[in-house]
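# Remarks on the overall topology
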Amino acid sequence: MPTLEHLARDVSKQEIWSVIDKDGGVIIDDFLGEDMLSQLREDFLPAVLNYEPGAKAGHDFWKQFHGTQTKRMTGLAELSSAWGDLLCDPLYKGMADHYLGEDNYYLNTGQLICIGPGETPQILHRDELNWPEAAGQDHEITITAIFALTDFTEENGATVVAPGSHRWPGVTPEVRPDQTCRAVMKAGSALLYSGKVIHGGGANVSTNEWRLGLHAGFVLGWLRSEENHQLTTSLDVARELSDYAQRMLAFRSYVPPKSARLGMVNYEDSGALLD
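Here the structure is a predicted model, which is why all the values come from computation and not from measurement.

### So, the overall build of the chain
- Each helix and strand in the chain was counted, giving eight helices and 10 strands.
- Computed over C-alpha atoms, the radius of gyration of the chain comes to 18 Å, within 12% of the 19 Å expected from 2.2 N^0.38 for 275 residues, which places it in the range of a compact globule.
- Expressed along its principal axes, the backbone C-alpha trace of the chain runs to roughly 55 × 40 × 40 Å.
- Burial analysis of the chain (275 residues in total) assigns 53% to the buried set.
- Taking the average place of the 22 positive charges on the side chains of the chain and the average place of its 39 negative ones, the gap between the two points comes to 4 Å.

### A look at the packing of aromatic side chains
- In this structure the tally under the stated criterion is nine aromatic pairs.
- Between Phe 61 and Phe 65, the aromatic rings sit 5.9 Å apart at their centres with planes inclined by 25 degrees, giving stacked as the arrangement. In this pair, Phe 61 and Phe 65 are both assigned in helix α3 (residues 60-66), four residues apart and thus about one turn of the helix distant.
- Among the residues examined, Phe 61 registers a relative accessible area of 36% and is labelled partly exposed.
- Grouping aromatic residues by their ring pairs yields a cluster made of Phe 31, Tyr 92, Tyr 105, Phe 147 and Phe 218.
- Lying across the ring of Phe 31, Arg 9 places its NZ or CZ 4.6 Å from the centre.
- A cation sits over an aromatic face here: Lys 71 above Trp 210, 4.9 Å from the ring centre.

### Remarks on the sheet that holds strand β7 (residues 181-182)
- Across the sheet, which stays open at both edges, the three strands sit in the order β7-β6-β9 with antiparallel pairing between neighbours. The sheet is open, and its two edges are formed by β7 and β9 (199-200), each paired on a single side.
- Where strand β6 (residues 160-161) meets β9, two bridges bridge the pair, whose relative direction is antiparallel. Note that in β9 the partner of Val 161 across the bridge is His 199.

### So, the pattern of salt bridges
- Considering all chains together, one arrives at 12 salt bridges under this definition.
- A salt bridge links Asp 236 to Arg 239; the shortest N-O distance between them is 3.5 Å. Remark: Arg 239 and Asp 236 occur in helix α7 (residues 235-239); sequence separation between them is three residues, near one turn of the helix.
- Assessed through its relative accessible area of 37%, Arg 239 is described here as partly exposed.
- Salt bridges here are not isolated pairs; linked through shared partners, they connect Glu 5, Lys 22 and Asp 23.

### Topic: the packing of helix α1 (residues 13-23) against helix α5 (residues 90-100)
- Viewed as axis vectors pointing N to C, α1 and α5 meet at an angle of 55 degrees, and their least axial separation amounts to 11 Å. Overall, the two elements α1 and α5 adopt an arrangement that is oblique. Of the two elements, α1 crosses α5, and the hand of that crossing is right-handed. Of α5, the residues touching α1 (which contributes Lys 13, Ile 16, Trp 17, Ile 20 and Asp 21) are Pro 90, Leu 91, Gly 94, Met 95, His 98 and Tyr 99.
- Its residues placed into classes, the contact of α1 with α5 shows seven nonpolar, two polar and two charged.

### Observations regarding the nonpolar core
- With 55 residues, the main nonpolar core has Phe 31, Trp 83, Tyr 92, Leu 112, Phe 147, Leu 192 and Phe 218 as its most contacted residues.
- Excluding residues within four positions of it along the chain, Phe 147 makes contact with Phe 31, Leu 32, Leu 86, Tyr 92, Ser 189, Ala 190, Leu 212, Gly 213, Leu 214 and Ala 216.

Quick notes on the rules
Residues numbered from 1 in each chain as written. Predicted model: local features only at pLDDT ≥ 70, side-chain atom pairs only at ≥ 80, totals over all residues. Heavy atoms only, no water. Helix = DSSP H or I, 4+ residues; strand = E, 2+ residues; numbered from the N terminus. Rg over C-alpha atoms; globule rule 2.2 N^0.38 Å. Buried < 20%, exposed > 50% of the residue type's maximum accessible area, 1.4 Å probe, protein only. Lys, Arg positive; Asp, Glu negative; His and termini not counted. Charge placed at Lys NZ, Arg CZ, Asp CG, Glu CD. Phe/Tyr/Trp six-rings, centres within 6.5 Å; stacked < 30°, edge-to-face > 60°. Lys NZ or Arg CZ within 6 Å of the ring centre and 35° of its normal. Pairing = 2+ DSSP bridges. Salt bridge = Lys/Arg side-chain N within 4 Å of Asp/Glu carboxyl O. Axes fitted to C-alpha atoms, helices over the stretch in contact; angles between N-to-C directions. Parallel < 35°, antiparallel > 145°, perpendicular 65-115°, else oblique. Left-handed = near helix turned anticlockwise from the far one by under 90°. Contact = heavy atoms within 4.5 Å. Nonpolar A, V, L, I, M, F, W, Y, C, P; charged D, E, K, R; others polar. Core = buried A, V, L, I, M, F, W, Y, C linked by side-chain atoms within 4.5 Å.

Such coordinate-based values are descriptive only and should not be taken to indicate function.
If you want it as structure tokens, here you go:
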């Protein structure tokens, strides 16, 4: 049975990248400091408690994919200033810089994924297939972290991962149970993983535990993000964020070197509207 490696937060970034390159993902124990973890939970839990599980509309496939007993919430900058601080974490930012290129990406989505008792396993998938025309390249187009805001256990829906599957050929190759493992980790830990690795939310077979995770990934800046940040974050809240966090939420334009500028206003940086 394959396993995911656990590394300490203070190991070198190169050691972390080498494990992701080898396995497609790695667990960083105690990624979040105690104060950050406490603040995120304090900010998010009231909203989670009042939110109904299950997709509200859309195709039946997406209702199944997102789960009938799972709560999914976005617009996190409206709920917590700590989320804006986490966006600027040097290891988290360093992951995006390393795999996507410095200043070459946006936040794809920041979503709370709260898997409730009785939830069935999610369909295994590769995140990069959100952009099928861009997927399948040698390089990454998306890279993600799942921060555990509660303990992730075998019983409450810890993420299923197929280590090494980021190198498997094919769009959706068959995955045997003996090729997967669970991302079991303590609250405050984080699973960092490739957009190519095959994974999915686990079944929650507990009777009364909700598995609360913060799923937050980055995508190349010339691709459309899953979350429409400009509709989930108000201008007033955006103005309180750091310049970097504003850019991650696309309130500042994408201006890579030697390429077209995107997301402009009157062909000037859209960030001027915040200043």
